[in-house]
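Chains, contacts and geometry: an overview
So the chains spell out like this:
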There are 2 protein chains.
Amino acid sequence: MTTTARAALQNEDERVRVTRWDFEPQESTGRHVHEHDYVVVPVTDGQTDVITPDGTVTTSQLRAGQSYARPAGGEHEVVNTGCPADLHRDRTEVTAPEVNKIH
Amino acid sequence: MTTTARAALQNEDERVRVTRWDFEPQESTGRHVHEHDYVVVPVTDGQTDVITPDGTVTTSQLRAGQSYARPAGGEHEVVNTGCPADLHRDRTEVTAPEVNKIH
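Residues numbered from 1 in each chain as written. Chains lettered and ligands numbered in written order. Predicted model: local features only at pLDDT ≥ 70, side-chain atom pairs only at ≥ 80, totals over all residues. Heavy atoms only, no water.

Chain A goes by Cupin in an unreviewed UniProt entry, where it is assigned to Streptomyces rectiviolaceus.

The structure is reproduced here in structure tokens:
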């Protein structure tokens, strides 16, 4: 799937880069490789499917304010699967700044 | 003011430490010095007063998902001044994971 979620650079210095991702229902990051360790801070509750290149789908429940850290190297796409796309969008958007540890 | 807000360590490795701060109305971090550069990701809208040792008060409006970065060295306390303490707490709690750049 191509990138349909919106990415906005919020901050960048020599050590970290902070990118805010906003997903409307069914929007996707597109497939990507994480070049750096990273921390994600969900700002909304939500549900995402993480799809790896071999087709494995892992469904994750996001809770606002419950951050998580992941190592570099992961290749996947992330899709907002909180509910069908035709339901009310306010309850299913996902917002999640991601802090990349550049150095 | 002493520390009344709640701090919860969410993640720590050799490069970053992620601490979630929850503030009910009028709660404070207590005075502290930032030993590391840091990024704050507000998960709620809110208002804080940042009080430096010389008594200067700077009022900040927080927006959910609008992260900000600050350098090490700052000394201050942060108080949730979103509204008087006797108003409904659900609208005035502040939640903000803080990512410290240790190395």
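**So, the sheet that holds strand 6 (residues 57-62) of chain B**
Residues and elements named next belong to chain B. Ordered by their spatial adjacency, four strands build an open sheet running 3-8-5-6, and the pairing between neighbours is antiparallel. The strands lining the two open edges of the sheet, one partner per strand, are strand 3 (32-33) and strand 6. Here strand 3 pairs with strand 8 (residues 75-80) via two bridges, running antiparallel. By the bridge assignment for strand 8, Val33 is matched with Glu75. (Pairing = 2+ DSSP bridges. Helix = DSSP H or I, 4+ residues; strand = E, 2+ residues; numbered from the N terminus.)

**Some remarks on the environment of Ser67 of chain A**
In this fold, Ser67 of chain A is placed in the loop between strand 6 (57-62) and strand 7 (68-70). When the C-alpha atoms of Ser67 of chain A and Val43 of chain A are compared, they prove to be 9.2 Å apart, with 24 residues separating the residues in sequence. Residues contacting Ser67 of chain A, with those up to four places away along its chain left out, are Val39, Val40, Val41 and Pro42 of chain A together with Gln10 and Val18 of chain B. For Ser67 of chain A, the side chain forms a polar contact with the side chain of Gln10 of chain B, separated by 2.4 Å. (Contact = heavy atoms within 4.5 Å. Polar contact = N/O pair within 3.5 Å; in protein donor to acceptor, adjacent residues only side chain to side chain.)

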